[in-house]
Amino acid sequence: MTDLREIERLLALGQLTQAERLLEEMVAVDASQEALRWLAKIAFSHNDRRRAADLMEEARKQDPNVPELNFEYGVISLSLDHFERAAQAFRAEIALNPTHAGAHYNLAYALDRAKRPDEAIAAYRRLIELEPGNADAAYNLGNILSRQGKGVEAAQAYEHALRLRPGDHDITHNYAASLLGRGAVAAAEPILRSAIARHPQSGRLWMLLGNSLSLQGEDQAAIDALSQAAARMPDDEEALVNLVLALRRAGRPAAGRDLIVARRPAIGRWRSPALPNALALCYLDDGEATKAIDVLEDALAVWPDTIELNSNLGIACSALGYSERAIACFRCAHQLDPQAADVHSNLLFALSHSSMDEEEIFAEHLRFGKIQQSLAPPLPLPAPRPATGRRLRIGYLSPDLRDHAVSYFLEPVLHHHDRSRFEVYCYDTRNKPDGVTARLQSMVDHWRIVAQLPAEAAARIIAKDEIDILVDLAGHTALNGLPIMAWQPAPVQMTWLGYPYTTGMSRIAYRLGDGAELPGTRQPHSTEALVRLLDHPVLLPPRVEMTPSPSPSQSQGVVTFACVNRFQKVTDDCLRVWARLLRTVPGSRLLLTIDDIRDPDHCRAILARMDRLGLPPDRVSLESRRPLKGFLALLNNVDVALDPFPYSGGSTTFFSLWMGVPVVTLAQENQRSYTTAAILNAISLHETITFSAEQYVEAAARLANATAHRDHLRATLRARLLASPLMAPEPLVRKLEAIFAGAWNLLLRGRP
């Protein structure tokens, strides 16, 4: 009979076939454990893994407590993707030899592949205790921790791996990615630049550097880095998508669009939904919502369950006034990922513009609050301190700290805050600075950019600042900070300005506006206690010069009604009432502003909708939305402005009045229709505040027929605004500061 030493000699000489033949003969006579193990190893070397596993199982049956036997069986099981079986084998080996580093490493790997991350983390930690110099173990541990969202621990693991293997490409890449993931952008950039110096051809490192620069608002530097990444990875769709998105953030959507279109022939069919989604976003940014819809619909035919495609289709439909379809798209996206706060906010924003029952809208807001607060346990905060001998710290959280309607209301407040009593912080969730941003920055003590940071990371920045009262200025508008506030980074939280409805979050205690005096009680359709500021807003005049012209009816011979608000606010109920108005005022015309006026099909669809609702298309003019100077100039073509309902105007109402155009509003018993009525009350223009569709038509028709009165209003409305409390910020700011102080004192007395 052949001796096993002969087998070993043949294997050492590389004569596997002869060794295998002899082993087969041995096993046929006496299937010893040693012969079975050797035969299994040879089968494994031939990639006959199934037979290798069977032979090793036979060997284990004879005596499973032989050193290395379980380890070998575990390695073969791993190759077959039998991760649970492999983990059992490695545990058996460790039981025999607790310091077997290879068994610990493979156990951790098997547990990770078996989707048992907590056990895998524990196994890697035990291995690192045995072998502190094992860089692979530290790297793999960092990868699992990063996937678990444990950014700080992941970074520590990667740092340990880098100390053992300085300059390693993959470790550096994943370490920097983990830093970016938890918002440590400034720490990631020098690490990436150092790594690129060692690996200048790495497109992945260039891509991470570009994303890091983009997070810091360094748009051109980000574009340069991402261009390097795309050049090194010409077939990588992610690299192209990141470059296109950076061009969007830099205000160059057309360049991003052209880049994709130029590459399309080489790309062929979309390989993933990411690129068509980026192309659609470029079209949306460039005001071409119809083209965006075409791209998104084509992509959804292939990837119907993609959250971003459904949500962005909702945004495009909303921009074009297709409200019911927009709501359906947002609902679909929300169902695909109920925890995605931005998608849920898109749905709520669309619902707030609809004629849906108030109870249903409120119920959906409550769902938002319940979901987001379940994902964010409140951060530990220090005990509240009396304001005696110190300034109260007030934080304003907003994506609109720039040339935006919100800044017209916020700027006078920041300018007139009593800085001896209040230390003011602003937290920017967008980071698109302009001249207005610079002016606002000069009015506050501290400015923090939290744009694109994970909500928890941003919340921890705010908590570290020890903010006493945090004020949301966006509600459910785009890029809002509500997921940040879900973490309760401040003891007292409020919402104001940006959204005329509840947030749905119980951790936001107060909503400022029209309501009860402090302490306040929660009202129907509001999770927050409503707190009265004044009976009217306070805001700045337009930042561009434009003189009102004479009434256009003088030169045109017909009265022009107009709704120059976002077309998203124009409901079918609005159009029906306006149809009645045009019938009441013969020869009158209606002007509307819309997105994507360049698309004739879209314009025809809007006019067809109006025709169905009784508005003669030949009496309707469609104009494009435009920047403020052009918008004010357009108002010179308007005799009477029509406020949409149920979601009324705000800054649009003010600008219309500023240009001498009276605004007719329909005040309803809901939170969305208040602002225009408040502005009109403040200048005593009560005649244009109505409470029914009939009164609305009558008031607008009366103005249309009172030429002399309209001319008088056109000549005097601006002066009335300037003399009104709308332009007097001091009372508002003093009231706001009293509310802040009162809310803080309530907290100190144990009442949130």
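Anything mentioned here points back to the structure above.
First, a word on what this report is: a plain description of the structure on this page.

When its secondary structure is counted, the chain shows 35 helices and 13 strands. C-alpha extents for the chain along the principal axes are approximately 120 × 65 × 50 Å. Among the 752 residues that make up the chain, the fraction classed as buried is 55%. Just so you have it, the chain exposes about 31000 Å², and 52% of that area is on carbon and sulfur atoms. Both charge centroids of the chain, one from 81 positive and one from 89 negative side chains, sit 4 Å from each other.

Counting residues in hydrophobic clusters, the biggest one holds 122 residues, and the most contacted among them are Leu397, Tyr427 and Leu470. Of all the elements, helix H17 (residues 274–285) adds the most residues to this core, at 8 residues. Not counting residues up to four positions away in its chain, the partners in contact with leucine 397 are Tyr427, Thr429, Val450, Ile462, Leu470, Val471, Asp472, Leu473, Gly481, Ile484 and Met485.

Another point: the packing of helix H6 (residues 83–96) against helix H7 (residues 101–113). It is at 9 Å that the axes of H6 and H7 come closest, and there the two elements cross at 155°. Taken as axis vectors, H6 and H7 run roughly antiparallel relative to one another. H7 is crossed by H6, and the crossing has left-handed handedness. Here H6 contributes Phe83, Ala86, Ala87, Phe90, Arg91, Glu93 and Ile94 to the contact with H7, which in turn contributes Ala103, His104, Asn106, Leu107, Ala110, Leu111 and Arg113. The residue inventory of the contact of H6 with H7, partitioned by class, reads 9 nonpolar, 2 polar and 3 charged.

Quick look at the packing of aromatic side chains now. Applying the stated criterion across every chain, the model contains 12 aromatic pairs. Seen in terms of ring centroids, tyrosine 139 and tyrosine 158 are 6.2 Å apart; in terms of plane orientation they differ by 50°. Their pairing is tilted. Here the residue tyrosine 139 occupies a position in helix H9 (residues 135–147), and tyrosine 158 occupies one in helix H10 (residues 151–164), the gap between them amounting to 19 residues. With respect to class, tyrosine 139 is no different from tyrosine 158; both count as buried. Through successive ring pairs, a cluster of aromatic residues spans Tyr408, Phe631, Phe654, Phe655 and Trp658.

What follows deals with the sheet that holds strand E10 (residues 620–624). With respect to topology, 6 strands assemble into an open sheet ordered E10-E9-E8-E11-E12-E13, the strand pairing being parallel. One side of each edge strand has no neighbouring strand; the edge strands of this open sheet are E10 and strand E13 (689–690). Of the pairings in the sheet, the one linking strand E8 (residues 560–563) to strand E11 (residues 640–642) comprises 2 bridges and is parallel in character. By the bridge assignment, phenylalanine 561 is partnered in E11 with valine 640.

Helix length check: helix H29 (residues 600–612), at 13 residues, gives a terminal C-alpha distance of 18 Å against a target of 18 Å (1.5 Å per residue), a fit within 8%. All of the buried residues in H29 are His602, Cys603, Ile606, Arg609 and Met610. Buried positions in H29, seen along its axis, are confined to an arc of 120° and lie on one side of it. With respect to the buried face of H29, the exposed residues turned more than 90 degrees away are Asp601, Arg604 and Arg612. Looking at the buried side of H29, the elements it contacts are helix H18 (289–302), helix H28 (572–584), strand E9 (589–594) and E10. The opening residue of H29 is aspartate 599, an N-cap whose side-chain oxygen sits 3.0 Å from the backbone nitrogen of aspartate 601. One or two positions beyond H29, positive phi appears at glycine 614, with a value near 100°.

Quick look at the pairing of E10 now. Sheet analysis places E9 next to E10, joined by 5 bridges and oriented parallel. Along E10, the bridge assignment pairs leucine 590 with valine 620. Handedness of the crossover joining E9 and E10 through H29: right-handed.

Now for the side chain of aspartate 643. Within the secondary structure, aspartate 643 is located in the loop between E11 and helix H31 (651–658). As a buried residue without a salt bridge, aspartate 643 has its nearest oppositely charged side chain in lysine 569, at a separation of 6.6 Å. Setting aside residues up to four positions removed in sequence, aspartate 643 forms contacts with Asn565, Trp578, Ser648, Gly649, Thr653, Val663, Val664, Thr665, Thr676 and Tyr696.

With that settled, consider the pattern of salt bridges. This model, assessed by the stated rule, comprises 46 salt bridges. Across the salt bridge formed by arginine 257 and aspartate 258, the nearest N and O atoms sit 3.1 Å from each other. On the basis of relative accessibility, which here comes to 17%, the residue arginine 257 falls in the buried class. Measuring nitrogen to oxygen at the nearest pair gives 3.1 Å for the salt bridge that ties lysine 291 to glutamate 288. A residue is classified by how much of its surface remains accessible, and lysine 291, at 42% relative accessible area, is partly exposed. Each of Arg257, Asp258, Asp286, Glu288 and Lys291 takes part in salt bridges that share partners, so that together they form one network.

What follows covers the pairing of strand E4 (residues 469–472). Of the two faces of E4, the one holding Ile469 and Val471 and the one holding Leu470 and Asp472 are both buried throughout. Two strands pair when backbone bridges link them, and E4 and strand E5 (residues 492–495) are joined in this way by 4 bridges, in the parallel orientation. Among the inter-strand pairings, valine 471 is bridged to a residue of E5, identified as methionine 494.

Moving on to unusual backbone geometry. Between phenylalanine 645 and proline 646 the backbone carries a cis peptide bond, its omega angle lying at 10°. In this fold, proline 646 is placed in the loop between E11 and H31. Phi at leucine 479 takes a positive value of approximately 60°, unusual for a residue other than glycine. The residue leucine 479 is located in the loop between E4 and helix H26 (482–485) in this model.

Taken in spatial order, the 7 strands make up an open sheet running E3-E2-E1-E4-E5-E6-E7, and their pairing is parallel. One side of each edge strand has no neighbouring strand; the edge strands of this open sheet are strand E3 (446–449) and strand E7 (529–532). Between one strand and the next, the sheet's axes are offset by a mean angle of 25°, whatever the strand orientation. Inspection of the sheet shows strand E2 (residues 422–428) paired to E3 by 4 bridges, in the parallel sense. Across the sheet, the residue bridging to cysteine 426 is tryptophan 447, located in E3.

With respect to the helices and strands, leucine 111 occurs in helix H7. Exposure remark for leucine 111: the relative accessible area of 0% places this residue in the buried category.

Cut-offs and rules
- Residues numbered from 1 in each chain as written.
- Predicted model: local features only at pLDDT ≥ 70, side-chain atom pairs only at ≥ 80, totals over all residues.
- Heavy atoms only, no water.
- Helix = DSSP H or I, 4+ residues; strand = E, 2+ residues; numbered from the N terminus.
- Buried < 20%, exposed > 50% of the residue type's maximum accessible area, 1.4 Å probe, protein only.
- Areas by Shrake-Rupley, 256 points an atom, 1.4 Å probe, with all protein chains shown as cover.
- Lys, Arg positive; Asp, Glu negative; His and termini not counted.
- Charge placed at Lys NZ, Arg CZ, Asp CG, Glu CD.
- Core = buried A, V, L, I, M, F, W, Y, C linked by side-chain atoms within 4.5 Å.
- Contact = heavy atoms within 4.5 Å.
- Axes fitted to C-alpha atoms, helices over the stretch in contact; angles between N-to-C directions.
- Parallel < 35°, antiparallel > 145°, perpendicular 65-115°, else oblique.
- Left-handed = near helix turned anticlockwise from the far one by under 90°.
- Nonpolar A, V, L, I, M, F, W, Y, C, P; charged D, E, K, R; others polar.
- Phe/Tyr/Trp six-rings, centres within 6.5 Å; stacked < 30°, edge-to-face > 60°.
- Pairing = 2+ DSSP bridges.
- Expected span 1.5 Å × (residues − 1).
- Arc of directions from axis to C-beta.
- Polar contact = N/O pair within 3.5 Å; in protein donor to acceptor, adjacent residues only side chain to side chain.
- Right-handed = clockwise from strand over helix to strand, strands pointing away.
- Salt bridge = Lys/Arg side-chain N within 4 Å of Asp/Glu carboxyl O.

By themselves, these figures tell us nothing about what the structure is for.
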